[in-house]
Amino acid sequence: MAKKVRIALDAMGGDFGPSVVIPGAAISLTRHPDSEFVLVGDSAKIEAELANHPALKKVSKVIHSDVAVSMHDKPSQALRRGRKVSSMWMAIDAVKQGEADVAVSAGNTGALMAMARFCLRTLPGIDRPAIAAVWPTMRGDSIVLDLGATIGGDAHHLKSLAIMGSAMARVMFDLERPTVGLLNIGVEEVKGGEEIREAAELLRAADLPQLKFIGFVEGDGIGKGDADVIVTEGFSGNIALKAAEGTARQIAEYLRGAMSRTWRSKIGYLFAKNAFKALRDKMDPSKSNGGVFLGLKGIVVKSHGGTDADGFAYAVDVAYDMVRYDLLNKINETLDRDHGAVSAPAAAQEAVS
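Residues numbered from 1 in each chain as written. Predicted model: local features only at pLDDT ≥ 70, side-chain atom pairs only at ≥ 80, totals over all residues. Heavy atoms only, no water.

K.L.:
Sorry, what's going on with the overall build of the protein here?
P.N.:
Tallying secondary structure elements over the protein gives 14 helices and 11 strands in all. Scored against the burial criterion, the 353 residues of the protein give a buried share of 50%. For the protein, long-range pairs separated by at least 24 residues make up 73% of all intrachain contacts whose partners lie at least 6 apart in sequence. Only carbon and sulfur atoms are counted for the fraction: they give 54% of the accessible area of the protein, which is about 15900 Å². (Helix = DSSP H or I, 4+ residues; strand = E, 2+ residues; numbered from the N terminus. Buried < 20%, exposed > 50% of the residue type's maximum accessible area, 1.4 Å probe, protein only. Contact = heavy atoms within 4.5 Å. Areas by Shrake-Rupley, 256 points an atom, 1.4 Å probe, with all protein chains shown as cover.)

Here you go:
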């Protein structure tokens, strides 16, 4: 029998805490019955929710914590107040102590990154972690990173993002050699800042067997799926993410309004109901929920703070896949074959989301 995947959950994270985290974990368990859970937070609230999910309760261990990190805490405040005692820290520490294989939280992004980096530390050759996520595209899905872990980055940092993102694509999409592109303002080699052009030169020169560098990708190329992995620094990546999510909601509202305007449009909607449902599902941000913190000596997954149970379940699914398909070893394999040449000496700024 395959080894169980042990998932630590910050039950107090996000806008709704256990009322979303526990049902979300229960949904994910139905898809991955070989999961076990460590649930960290207010034990009374967790147990009250678990009473509605006996199958989840059977495979869960509850660890009490009186401290929950606020969505408004600065990373430095969260570390001072929540180190070793908060539900967020204790979920991450379960990974460090070998009690869990992965941690998931819907809590404060900056605090989660700060705690994860402080508790787990970074992999050799990686100075700055990144947030990577699956991005729905016209040709399927792509991995996009960094989506807001740190601001800026030199050429070596961008190269390390390409290496880590390609490892995640190999896990998520079962690809032997994913295509990788650098997000830029044009596809010509003379376009973009010096660090982007230098990163392109480094990737071409490295010619790594685990990834195929295809050059620059413009902003519209993300949605078109021009590459399996699209790399950018955290400031631009976070703006791209929020713009895409906002556009998806805007289009959904336009469609809803158009379909209810006249009796003819209502009748047309009935005939095209299945097509509109498929479109809505494709554009639903919750179905792409789960940003993976790459570059750490352990796996941490960030869920949207305002998601519902279904959305949180997708984040838990991502966490399961990262463990079951051996993400950390795949990243280390690529770093080792690159002879440890990846580095990013510039100091990281605070997370931008």
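K.L.:
Sorry, what's going on with the pattern of salt bridges here?
P.N.:
Opposite charge on two side chains allows them to pair when their charged atoms are near. For the structure on display, the rule yields 10 salt bridges. With its nearest N and O atoms 3.2 Å apart, the salt bridge here joins K191 to E188. With a relative accessible area of 31%, K191 lands in the partly exposed category. Note that E189 and R204 form a salt bridge whose closest N and O atoms lie 4.0 Å from each other. You can see E189 sitting in the loop between β7 (179–183) and α8 (194–206) and its partner R204 sitting in helix α8, a full 15 residues away along the chain. Accessibility expressed as a relative area gives 58% for E189, which makes it exposed. (Salt bridge = Lys/Arg side-chain N within 4 Å of Asp/Glu carboxyl O.)

K.L.:
I would appreciate a short explanation of the sheet that holds strand β11 (residues 299–302) in the present structure.
P.N.:
Neighbouring strands of a sheet are bound in pairs by backbone hydrogen bonds; such pairs are parallel or else antiparallel. The sheet built from 11 strands is open, its strands ordered β3-β2-β1-β4-β11-β10-β5-β6-β9-β7-β8 with mixed pairing. A strand with exactly one partner marks an edge of an open sheet, and here the two such strands are β3 (60–64) and β8 (212–217). For this sheet the average axis-to-axis angle between neighbouring strands, irrespective of direction, equals 25°. With 6 bridges joining them, strand β5 (residues 130–137) and strand β6 (residues 140–145) adopt antiparallel strand pairing. (Pairing = 2+ DSSP bridges. Axes fitted to C-alpha atoms, helices over the stretch in contact; angles between N-to-C directions.)

K.L.:
I would appreciate a short explanation of the packing of helix α7 (residues 155–173) against α8 in the present structure.
P.N.:
A pair of packed helices can be characterised by two numbers: the angle between their axes and the separation between those axes. Running from amino to carboxyl end, α7 crosses α8 at an angle of 50°, the nearest separation of the two axes being 8 Å. When the interaxial angle is binned, α7 and α8 end up oblique. Of the two possible hands of crossing, α7 and α8 adopt the one that is right-handed. Where α7 approaches α8, its residues A155, H156, L158, K159 and A162 are matched on the opposing element by E195, I196, E198, A199, L202, L203 and A206. A per-class count over the contact of α7 with α8 returns 8 nonpolar, 1 polar and 3 charged. (Parallel < 35°, antiparallel > 145°, perpendicular 65-115°, else oblique. Left-handed = near helix turned anticlockwise from the far one by under 90°. Nonpolar A, V, L, I, M, F, W, Y, C, P; charged D, E, K, R; others polar.)

K.L.:
Mind showing me how you'd approach the pairing of strand β4 (residues 102–105) here?
P.N.:
Regular strands place their side chains on alternate faces of the sheet. Residues V102 and V104 line one face of β4 and the alternating positions A103 and S105 line the opposite face, and both faces are buried. As paired elements, strand β1 (residues 5–10) and β4 share 3 bridges and run parallel to each other. Note that in β4 the partner of A8 across the bridge is A103. By the bridge criterion, 4 bridges tie β4 to β11 in an arrangement that is parallel. By the bridge assignment for β11, S105 is matched with K302.

K.L.:
I would appreciate a short explanation of the packing of aromatic side chains in the present structure.
P.N.:
When we look at a pair of aromatic rings, we describe it by the centre distance and by the angle of the planes. Under the defined criterion, the tally for this structure stands at 1 aromatic pair. Relative to F118, the ring of W89 has its centre 6.2 Å away and its plane inclined at 55°; by these criteria the two rings are tilted. In this pair, W89 sits in helix α5 (residues 87–96) while F118 sits in helix α6 (residues 109–120), placing the two residues 29 residues apart along the sequence. The residue whose ring lies beneath R31 is Y314, and the NZ or CZ to ring-centre distance is 5.1 Å. Between R121 and the ring centre of F118, over which it is positioned, the NZ or CZ distance is 5.0 Å. (Phe/Tyr/Trp six-rings, centres within 6.5 Å; stacked < 30°, edge-to-face > 60°. Lys NZ or Arg CZ within 6 Å of the ring centre and 35° of its normal.)

K.L.:
Would you mind showing me how to read the environment of D34 here?
P.N.:
As for its placement among the helices and strands, D34 is situated in the loop between α1 (18–31) and β2 (35–41). As a C-alpha pair, D34 and V59 span 25 residues in sequence and 9.4 Å in three-dimensional space. With sequence-adjacent residues up to four places away left out, D34 is seen in contact with K4, V5, Y320 and R324. At a separation of 2.7 Å, a polar atom in the side chain of D34 contacts the side chain of R324. (Polar contact = N/O pair within 3.5 Å; in protein donor to acceptor, adjacent residues only side chain to side chain.)

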